[in-house]
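# Fold and contact review
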Amino acid sequence: MSEIRVYPDSVLRKKAKDVEKIDDRIVQLLDKMSDIMYRYNGIGLAAEQIGILDKLVVIDLRPDGKNQLIELINPVIIASEGTYEEHEEGCLSVPGYYDTVKNRKKWIKVKYLDRNEEERIIETEDFLSVVIQHEIDHLNGRLFIDHLSPTQKLVFKKEWKKLQKEREEGK
Ligand code: CO
């Protein structure tokens, strides 16, 4: 069985809880999450995706092909502006499916804690902004497919059935 929870697993619809204390359990979880993200060649992973309801996110866009890990504890978007251009999103919890998302914010300001319990702020308007929004959505029980238009959702349903069938046959 995969370590990653896959749609329509109900855990992906739950709301994560704030981390109250950054103890060994949290630090080990963050390490485990980045391990899994790298192993699956993902660029981001929220704790929900491994069935854990703490507000934890790891991201690595590997600029210049080098690892540059970002760990977000209790991330909150405190300001946002504009709309990011249409772009394709995918998700390790919706494997094999990619679709156009139109309604992400262009610029965001995010408050979070790092693993040393320091409060930090990121301001970004690049692709990183979209990835952070995607991951914070996970912590609120949302997936990128929720952002699709009704027509796109119909296509998704059809395609997803096909993908599931292929996965079952592939076993
Ligand atoms: Co995702």
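Residue numbers restart at each chain and count upward from 1, following the sequence in its written direction. At least 70 in pLDDT is required for a residue's local features to be given in this predicted model, at least 80 for side-chain atom pairs to be given and counted, and no such filter applies to totals for whole chains, interfaces and linings, which use all residues. As a rule here, side-chain values come from all non-hydrogen atoms in the structure, and water together with hydrogens is ignored.

### Thoughts on the pairing of strand β6 (residues 105-113)
- When DSSP finds two or more bridges between a pair of strands, those strands are recorded as paired. The helix count covers DSSP runs of H or I at least four residues long, the strand count covers runs of E at least two residues long, and both are numbered beginning at the N terminus. The pairing of strand β3 (residues 70-83) with β6 spans seven bridges and is antiparallel. Within β6, the position partnered with I73 by the bridge is L113.
- By the bridge criterion, six bridges tie β6 to strand β7 (residues 119-124) in an arrangement that is antiparallel. Note that in β7 the partner of V110 across the bridge is I122.
- Linking two consecutive strands that pair antiparallel, namely β6 and β7, is a turn of five residues; a positive phi of about 65° is found at E117 within it.

### Observations concerning the coordination of the cobalt ion
- Atoms of type N, O and S within 2.8 Å of a metal are treated as its donors, and for Na, K and Ca the window is 3.2 Å; water is not considered, so some sites may appear to be missing partners. Protein coordination at the cobalt ion comes from C91 (SG), H134 (NE2) and H138 (NE2), with a distance range of 2.1 to 2.3 Å.
- Summarised as a motif, the one-chain spacing of the donors to the cobalt ion is C-x42-H-x3-H. Note that C91 is positioned in the loop between β4 (87-89) and β5 (99-101) and H134 in helix α2 (residues 127-139), a separation of 43 residues in sequence.
- On the accessibility criterion, C91 (11% relative accessible area) is buried. Classification of residues uses two cut-offs on accessible area relative to the type maximum, computed with a 1.4 Å probe and protein chains only: under 20% is buried, over 50% is exposed, and between them is partly exposed.

### Examining the packing of aromatic side chains
- Stacked, tilted and edge-to-face pairs are distinguished by plane angle, under 30 degrees for stacked and over 60 for edge-to-face with tilted covering the rest, among Phe, Tyr and Trp rings (Trp via its six-membered ring) whose centres lie within 6.5 Å. Here the structure, examined in full by the defined rule, presents four aromatic pairs.
- Ring plane angle 65° and centroid distance 5.5 Å describe the contact between Y7 and F156, whose orientation is recorded as edge-to-face. Highlighted residues: Y7 in the segment before α1 (24-39) and F156 in helix α3 (residues 150-170), separated in sequence by 149 residues.
- Given a relative accessible area of 4%, F156 falls into the buried group.
- The rings of Y7, Y97, F156 and W160 are connected pair by pair, giving a single aromatic cluster.
- The side chain of R167 reaches across the aromatic face of W160, ending 4.7 Å from its centre. Lysine NZ or arginine CZ positioned within 6 Å of the ring centre and within 35 degrees of the ring normal marks a charge as sitting over the ring.

### With respect to the pattern of salt bridges
- By salt bridge we mean one thing: a side-chain nitrogen of Lys or Arg within 4 Å of a carboxyl oxygen of Asp or Glu. Taken as a whole, this structure holds eleven salt bridges when the rule is applied.
- Residue R13 pairs with D146 through a salt bridge whose shortest N-O separation is 2.8 Å. Here D146 lies in the loop between α2 and α3 and R13 lies in the segment before α1, a separation of 133 residues in the sequence.
- In this structure D146 comes out as partly exposed when scored by relative accessible area, which is 23%.
- Taking the shortest distance from any N to any O, the salt bridge between R115 and E71 comes out at 2.8 Å. Pair noted here: R115 is in the loop between β6 and β7 and E71 is in strand β3, with a separation of 44 residues, a long-range link.
- Taking the relative accessible area as the measure of exposure, R115 reaches 27% and is therefore partly exposed.
- Because the salt bridges share partners, they merge into one network encompassing D31, E71 and R115.

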